[in-house]
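So you can see what is in the structure, the chains are spelled out below.
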Amino acid sequence: MILGPIAVLVGILALGGTLGIVFSVRDQRRVSQLHELTVGGEVLSQRRAEQSYASFFEQSQTTLSLVNDTLELAKEANETATQSMKRRAEEQAEAIEERAENLLPKIFREGDFEKLVYDAENRSKLHSIGDELKAVEGFLRLQNIDFPRHVRFVKAFDQFLLDDTEAALQGFRQLSQSNITGELRRFTLFWHAYICTTVGEYSTAVQIFQDDEVGLEKDNTERFQLECIIAETRFFERAKLLRETDPEEFEDTPLGRFQKVAELLDKLSLLALEVASSKDEHELGHVSLEIARTRADMYLWIAYDHERLDLPLPETPREAALNLSLLSDPAAEFARGELTLPETDLSNTEPGGDAESTQRDGEAVLHAKSDEARGLGADVFRGWALRHALEICKNQKNPNFDIRFTLAEALFMLGADSAEKAFIKAERALGGEFGDYLEKRRKVSLRQSELICHSRLLYLRKADKQEKESETRHVQQSERLARVAVSEMRQDRVTVFSQIQKRNVTRAEMLEEIADIVEQDHLDD
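The shown structure was predicted, so the numbers you read here are calculated from the model rather than taken from an experiment. Chains are numbered independently. Their residues run from 1 in the order of the written sequence. In keeping with the model being predicted, local features are shown solely for residues with a pLDDT of at least 70 and side-chain atom pairs are shown and tallied solely at 80 or more, while totals for entire chains, interfaces and linings include all residues. The side-chain values count all of the structure's non-hydrogen atoms but skip hydrogen atoms and water molecules.

Asks: Explain the overall build of the protein chain to me, and be specific about the residues and the numbers.
Replies: Helices and strands together make up the secondary structure of the protein chain, namely 20 helices and two strands. The contact criterion used throughout is that any non-hydrogen atoms of two residues lie within 4.5 Å. Taking as baseline every contact in the protein chain between residues at least 6 positions apart, the subset at least 24 positions apart corresponds to 73%. By element, 50% of the accessible surface of the protein chain is carried by carbon and sulfur atoms, the whole surface being about 27600 Å². Secondary structure elements follow DSSP: runs of H or I no shorter than four residues count as helices, runs of E no shorter than two count as strands, and numbering proceeds from the N terminus. We get accessible surface area from the Shrake-Rupley algorithm with a probe of 1.4 Å; when it comes to residues, only the shown protein chains can shield them.

Here it is, written out as structure tokens:
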């Protein structure tokens, strides 16, 4: 009985052990299979990863090649486009240069520096080329294309006409320093110097004008123009210095002003004779008028009186001035056949030297030193100077507006009956002076001229109530237009030619002059 349970227990244990061994072997087999499956899966996974990496690398290589190929194509396309754009830009620059080359030499051949300004057709054509250049200028700069020489001239000149004076000054200065020759260089130097005069750099302007004169023949239109504008520039400089001089150091009288410019008047008088006797084939009419205008302007500057801007000289000094002899006018005498040309070279005759030497004193210089001149009263001297301006203007054939206006001013200040008719003619001529693309400083001067014309006519017509009312309205309108013209000037340094003082003044001085003209006593009568 005891062994039975033990046997059963032993059997059960044996069976459990057998089952444990069986299950253990089975588990080991499953673990082994699982391990094999895991290892196989990992191997397969690594193989798939390897294949994927290999495929990715191969695809990357293919993609990189495609990218490189694409970039290369893009580069080639960009280079092609760049070359195409550059060629197009060069073609546009060449086309504009061709237009400029076709226009400028025609103007250059006429031998007249200032025809670029006073000829409306030339101004319009130059401005048209300037507009075309501005339309493509940014495109040309992006392509690093340098502007051709004629285009650079047109651009600087167009900037000057559009009141961008500082940019124009820089443009002409840079162009003058470049490798240009012939008439393009002469015109560049002229306008470089001219713009210097507009900003008050008179000494610099004279030096450039003199450099421009080198190599010119004696009987040459361009030399005549340069000599005239050199004298005028020196006059502007002396007038400016006189304005700035301490009154205690120099008495600002008509005689004092005459002494300052007597040498220049002698030089211009001889220059007028050279032009009158010139054999140059160029048209000398404009040059002759410019010389006459400059001489007459100097005489009006001598006669300037701030206290009597809008009133004629008193009758007594006017009559006294009529009894004084005038300085000779060689050009007028030659034109009338009253003078034969001297054998000496006129261009080498310089006023201001020893009276007994070949560098003789001119008539104006000698008169400025004379006791007769010192003994004249201020108003009598003014009358004498006004008579000179009057005679110079009367002797000009085909007078332009400036000559007509100066003639009318001289007649008015001398109390002549013909002053009214002269101002009517000047006012009519004034209408033809305005036009497109005219420099703004010139427009201001013309507007001031218009105001002066109507102010003078108002004084002359004040006895007629209807005429007085009409001219009063004209004066008010002219004043408004003159002030608007001044306000349109953008450049701070640019000066304006005053038709009252006959010299360059600042914008502030011009506004003061406009106010002085309309505030004269007779406007309120």
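Asks: Go over helix α17 (residues 419–431) with me, naming the residues and quoting the values.
Replies: When the terminal C-alpha atoms of α17 are compared, their 19 Å separation across 13 residues agrees well with the 18 Å that a helix rising 1.5 Å per residue should span. Here α17 has its buried residues at Ala-419, Ala-422, Phe-423, Ala-426 and Leu-430. Here the buried residues of α17 occupy an arc of 95 degrees about the axis, which is enough to place them on one side. Exposed side chains of α17 directed beyond 90 degrees from the buried face belong to Lys-421, Arg-428 and Gly-431. Between the first and last residue of a helix there are one fewer steps than residues, each counted as 1.5 Å, and that sum is the expected span. Throughout this description, buried means an accessible area under 20% of the type-specific maximum (1.4 Å probe, protein chains only), exposed means over 50%, and partly exposed covers the range between. Along the arc lie the directions from the helix axis toward the C-beta atoms.

Asks: An account of a nonpolar patch on the surface is needed here, citing residue identities and associated values.
Replies: Each patch is built from residues lacking any salt bridge and having more than 30% relative accessible area; the joining distance is 9 Å for like charges and 5 Å for nonpolar side chains (Val, Leu, Ile, Met, Phe, Trp, Tyr). Salt bridge, as applied in this entry: a Lys or Arg side-chain nitrogen positioned within 4 Å of an Asp or Glu carboxyl oxygen. Taken together, the side chains of Ile-2, Leu-3, Ile-6 and Val-10 present a nonpolar region at the surface, about 440 Å² in accessible area. When you line up the elements, Val-10 lands in helix α1 (residues 3–109).

Asks: Lay out the packing of helix α5 (residues 165–176) against helix α6 (residues 182–198) in plain terms, naming residues and giving numbers.
Replies: In the contact formed by α5 and α6, the axes pass within 9 Å of each other and the chain directions differ by 145 degrees. With respect to the hand of their crossing, α5 and α6 are arranged in left-handed fashion. Along the contact surface, α5 presents Thr-165, Ala-168, Leu-169, Phe-172, Arg-173, Leu-175 and Ser-176, while α6 presents Arg-185, Thr-188, Leu-189, Trp-191, His-192, Ile-195, Cys-196 and Thr-198. Class assignment for the residues of the contact of α5 with α6 results in eight nonpolar, five polar and two charged. Between N-to-C directions, angles span 0 to 180 degrees; the directions come from axes that are lines fitted to C-alpha atoms, helices contributing only their stretch in contact. Left-handed is the label given to a crossing in which the near helix is rotated counterclockwise from the far helix by less than a right angle, and right-handed is the label when the rotation is clockwise. Note on residue categories: nonpolar means Ala, Val, Leu, Ile, Met, Phe, Trp, Tyr, Cys or Pro, charged means Asp, Glu, Lys or Arg, and polar means any other residue, Gly included.

Asks: Describe in detail the confidence of the model for the protein chain, supporting the description with residues and values.
Replies: Summary of the metric used: pLDDT quantifies the predictor's per-residue confidence within the range 0 to 100. Taken as a whole, the protein chain shows an average pLDDT of 85; of its residues, 90% reach a score of 70 or greater. Note that residues 343–359 has pLDDT below 50 and, in this model, 29 contacts with residues that lie over four places away or in other chains.

Asks: Provide a residue-level description of the nonpolar core, including the pertinent values.
Replies: One finds Phe-153, Trp-191, Phe-209, Phe-258, Tyr-299 and Ile-302 to be the most contacted residues of the largest nonpolar core, which totals 133 residues. Non-local contacts of Phe-209, meaning those with residues more than four positions away in its chain, are made with Phe-190, Ala-193, Tyr-194, Thr-197, Leu-226, Ile-229, Ile-230 and Thr-233. To form a nonpolar core, buried Ala, Val, Leu, Ile, Met, Phe, Trp, Tyr and Cys residues must be joined to one another through side-chain atoms within 4.5 Å.

Asks: I'd like to hear about the side chain of Asn-504, residue by residue, with values.
Replies: Along the chain, Asn-504 falls in strand β2 (residues 504–505). N or O atoms within 3.5 Å of each other form a polar contact, as long as, within protein, one can give a hydrogen and the other can take it, and as long as residues adjacent in sequence are counted only when both atoms are side-chain atoms. Polar contacts involving the side chain of Asn-504 include one to the side chain of Tyr-202, which spans 3.4 Å. A polar contact is formed between the side chain of Asn-504 and the side chain of Arg-441, at a distance of 3.5 Å. Those residues within four positions of Asn-504 in sequence are excluded, and the remaining contacts are Thr-197, Tyr-202, Phe-236, Arg-441, Thr-495, Val-496 and Phe-497.

Asks: Describe the environment of Lys-369, listing the residues and the values that go with them.
Replies: Within the secondary structure, Lys-369 sits in helix α13 (residues 363–369). For Lys-369 and Gln-259, which are 110 residues apart along the polypeptide, the C-alpha to C-alpha distance reads 7.8 Å. Residues contacting Lys-369, with those up to four places away along its chain left out, are Asp-361 and Arg-374.

Asks: Outline the side chain of Arg-456, listing residues and values.
Replies: Residue placement: Arg-456 occurs in helix α18 (residues 440–460). Residues contacting Arg-456, with those up to four places away along its chain left out, are Leu-309, Asp-310, Glu-409, Phe-412, Met-413, Phe-423 and Ile-500.

Asks: So what's going on with helix α3 (residues 120–142)? Residues and values would help.
Replies: Helical geometry note: an α-helix holds 3.6 residues per turn, so side chains three or four residues apart project in the same direction. With 23 residues, α3 should reach 33 Å at 1.5 Å per residue; the first-to-last C-alpha distance of 34 Å fits that figure. The sharpest bend along α3 comes to roughly 50 degrees, located at Val-136. Of the residues making up α3, those classed as buried are Asn-122, Arg-123, Leu-126, His-127, Ile-129, Gly-130, Leu-133, Val-136, Glu-137 and Leu-140. After α3 finishes, the residue Asn-144 shows a positive phi value of roughly 55 degrees. The quantity called bend is, for any residue, the angle between two axes fitted respectively to the seven residues ending at it and the seven beginning at it.

Asks: Can you explain the environment of Glu-232? Please cite residues and give values.
Replies: On the secondary structure map, Glu-232 appears in helix α8 (residues 221–244). A residue is classified by how much of its surface remains accessible, and Glu-232, at 11% relative accessible area, is buried. In this structure the C-alpha to C-alpha distance between Glu-232 and Arg-295, which are 63 residues apart in sequence, comes to 8.7 Å. With sequence-adjacent residues up to four places away left out, Glu-232 is seen in contact with Arg-293 and Thr-294.

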